[in-house]
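Commentary on secondary and tertiary structure
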Amino acid sequence: MKVHTMSLMHNLSRLSLTAALSLTAAGSALAHAHLKSAAPAGDSAVAAPATLELHFSEGVDLKFSGVSLTGPDQKAIATGDTAHAGNDEASLSVPVTAKLAPGKYTVQWHVLSKDGHKVKGSYSFDVKP
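Residues numbered from 1 in each chain as written. Predicted model: local features only at pLDDT ≥ 70, side-chain atom pairs only at ≥ 80, totals over all residues. Heavy atoms only, no water.

1. Some thoughts on the sheet that holds strand β6 (residues 88–95)
Stated formally: The pairing criterion for strands is at least two bridges between them, as found by DSSP. Numbering of helices and strands runs from the N terminus, with a helix taken as a DSSP run of H or I at least four residues long and a strand as a DSSP run of E at least two residues long. The axes used here are C-alpha line fits, helices contributing only the stretch in contact, and every angle between their N-to-C directions lies in the interval 0 to 180 degrees.
Taken in spatial order, the four strands line up as β1-β3-β6-β5 in an open sheet, and their pairing is antiparallel. Lying at the two open borders of the sheet, with one neighbouring strand each, are β1 (35–39) and β5 (83–85). Between one strand axis and the next, the sheet turns by 35 degrees as a mean value, whatever way the strands run. Across four bridges, β1 lies against strand β3 (residues 51–56) in antiparallel orientation.

Here is the structure:
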């Protein structure tokens, strides 16, 4: 009986360790910076914005992150330097230096999370007449 109990305890310890490692790996996979909100918002119709502002689920490294804007004709739109909005390391703020005509615009972004993961994405908005 004693040997059987020890074997059971050993198997439970291995199972607990395996479960803990699996949870840690799952937590790491979920740790990437995800776009939580943006202004202008995706699929919105707005007056021409002076700034693009993107907010992420965690801090992003400004040196290795960026935002670009393309217009209705798929040409790049002039923007200023990307910065954090205020002291929020989980945000990017980009001044739009060009005058935006009515039409559909696409924002493409890429970030390096503070935890070292690279993430990218895009969304569109319409500038109304």
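2. Description of the sheet that holds strand β2 (residues 45–46)
Judged by pairing direction, the sheet is mixed, and its four strands sit side by side in the order β2-β8-β7-β4 without closing on themselves. Because the sheet does not close on itself, it has two edges, and the strands there are β2 and β4 (66–70). Pairing of strand β7 (residues 103–112) with strand β8 (residues 118–127) involves 10 bridges; the strand directions are antiparallel. In the strand pairing of β8, Tyr105 is matched with Phe125.

3. Section: the pairing of β3
To keep things clear, this is the line we draw: Accessible area is worked out with a 1.4 Å probe on protein chains only. A residue is then buried under 20% of its type maximum, exposed over 50%, and partly exposed in between.
Alternating residues of β3 divide into Leu52, Leu54 and Phe56, all buried, and Thr51, Glu53 and His55, none buried. Bridge analysis of β3 against β6 gives five bridges, and the strand direction is antiparallel. When the sheet's bridge partners are listed, Glu53 is paired in β6 with Ser93.

4. Quick word on the nonpolar core
Which entries qualify depends on this criterion: For our purposes a nonpolar core is just a set of buried Ala, Val, Leu, Ile, Met, Phe, Trp, Tyr and Cys residues, chained together by side-chain atoms within 4.5 Å. Only heavy atoms enter the contact rule, under which two residues are in contact if any of them lie within 4.5 Å.
Grouped together as the largest cluster of nonpolar side chains are 22 residues, with contacts concentrated most on Leu52, Leu54, Leu69 and Phe125. Contacts of Leu52, omitting those with residues within four sequence positions, involve Ala39, Pro40, Val67, Leu69, Leu92, Ser93, Val94, Val96, Val107 and Phe125.

5. Some remarks on the side chain of Ser124
Selection criterion: Residues adjacent in sequence count toward polar contacts only when both atoms are side-chain atoms; beyond that, a polar contact is any pair of N or O atoms within 3.5 Å, and within protein one must be able to donate a hydrogen and the other to accept it.
In this fold, Ser124 is placed in strand β8. With a relative accessible area of 17%, Ser124 lands in the buried category. Within the structure, Ser124 has its side chain in polar contact with the side chain of Thr106 (distance 3.2 Å). Setting aside anything within four residues of it in sequence, one finds Ser124 in contact with Ala41, Gly42, Asp43, Ser44, Lys104, Tyr105 and Thr106.

6. Digging into the pattern of salt bridges
Here the idea is simple: oppositely charged side chains can pair when their charged atoms come close. The test is simple: A side-chain nitrogen of Lys or Arg and a carboxyl oxygen of Asp or Glu constitute a salt bridge if their distance falls within 4 Å.
Counted according to the given criterion, the structure contains one salt bridge. Residue Lys114 pairs with Glu89 through a salt bridge whose shortest N-O separation is 3.7 Å. Of this pair, Lys114 sits in the loop between β7 and β8 while Glu89 sits in strand β6, and the two are 25 residues apart along the sequence. For Glu89, a relative accessible area of 43% translates into the label partly exposed.

7. Observations concerning unusual backbone geometry
Most peptide bonds adopt trans geometry, and most residues besides glycine take a negative phi value. With an omega of 0 degrees, the peptide bond running from Ala39 to Pro40 counts as cis. Along the chain, Pro40 turns up in the loop between β1 and β2. Of note in this structure, Asp43 is not a glycine but carries a positive phi near 65 degrees. For Asp43, the location among the structural elements is in the loop between β1 and β2. Take Asp43: its relative accessible area is 71%, and that puts it in the exposed class. Unusually for a residue other than glycine, Gln74 sits at a positive phi of about 70 degrees. By the secondary structure assignment, Gln74 is in the loop between β4 and β5. Using a relative accessible area of 61% as the deciding quantity, one classes Gln74 as exposed.

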